Amino acid sequence: MKAILYITPIPEYYRVVVYVYSNEGKLVESNIYDKVKHITIEECTVRLSSQIVYDEIALVVDAENISVNLKSESILVIKGSKKG
């Protein structure tokens, strides 16, 4: 799976748009998270991409399975896991 995060810095927090794609390249999920103060990425390969956008930060996250959760209304957790 692959997740692409578009991170827009705003004073004191981030606005994060997340697109999650299957291994076949089909869009599985998309969400917008406002007022995110922290982004935690666990057990994934992460790449910074300047080729996708120029006025935001774009992160490409790869893992076998990806879950996206918002905790405490301001902590965005992206977690990868192995199928099993």
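Before reading on, note that the structure itself is shown above.
The sections below set out a description of the structure shown in this document.

So, on to the pairing of strand β6 (residues 57–62). Where strand β1 (residues 2–10) meets β6, six bridges bridge the pair, whose relative direction is antiparallel. Pairing of Leu 5 across the sheet is with Leu 59, part of β6. As judged from the five bridges shared by strand β5 (residues 45–49) and β6, these two strands associate in the antiparallel manner. Note on β6: the bridge partner recorded for Arg 47 is Val 60.

Attention now moves to the pattern of salt bridges. This structure, assessed with the given rule, holds four salt bridges. Across the salt bridge formed by Asp 34 and Arg 15, the nearest N and O atoms sit 3.3 Å from each other. Placement of Asp 34 in strand β3 (residues 27–36) and of Arg 15 in strand β2 (residues 13–21) is noted, with a sequence separation of 19 residues between them. Of the charged contacts, one joins Asp 62 and Arg 47 as a salt bridge, the two residues approaching to 2.8 Å between their closest N and O atoms. Residue Asp 62 is found in strand β6, and its partner Arg 47 is found in strand β5; the two are separated by 15 residues along the sequence. One connected set of salt bridges, linked through shared partners, spans Lys 2, Arg 47 and Asp 62.

Moving on: the environment of Ser 74. Here Ser 74 lies in the loop between β7 (65–71) and β8 (75–81). When the C-alpha atoms of Ser 74 and Ile 39 are compared, they prove to be 8.6 Å apart, with 35 residues separating the residues in sequence. In contact with Ser 74, other than residues within four places in its own chain, are Lys 35, Val 36, Lys 37 and His 38.

Turning our attention to the sheet that holds β2. Here five strands make up an open sheet; going across it, the order is β3-β2-β1-β6-β5 and the pairing antiparallel. The sheet is open, and its two edges are formed by β3 and β5, each paired on a single side. Within the sheet, the average angular offset between the axes of one strand and its neighbour, ignoring direction, is 20°. Of the pairings in the sheet, the one linking β2 to β3 comprises seven bridges and is antiparallel in character. When the bridges of β3 are listed, Val 16 appears paired with Tyr 33.

Let us now look at the packing of aromatic side chains. Applying the stated criterion across every chain, the model contains one aromatic pair. Here the aromatic rings of Tyr 6 and Tyr 19 are separated by 5.9 Å at their centres, their planes lie at 80°, and the arrangement is edge-to-face. Of this pair, Tyr 6 sits in strand β1 while Tyr 19 sits in strand β2, and the two are 13 residues apart along the sequence.

Quick notes on the rules
Residues numbered from 1 in each chain as written. Predicted model: local features only at pLDDT ≥ 70, side-chain atom pairs only at ≥ 80, totals over all residues. Heavy atoms only, no water. Pairing = 2+ DSSP bridges. Helix = DSSP H or I, 4+ residues; strand = E, 2+ residues; numbered from the N terminus. Salt bridge = Lys/Arg side-chain N within 4 Å of Asp/Glu carboxyl O. Contact = heavy atoms within 4.5 Å. Axes fitted to C-alpha atoms, helices over the stretch in contact; angles between N-to-C directions. Phe/Tyr/Trp six-rings, centres within 6.5 Å; stacked < 30°, edge-to-face > 60°.

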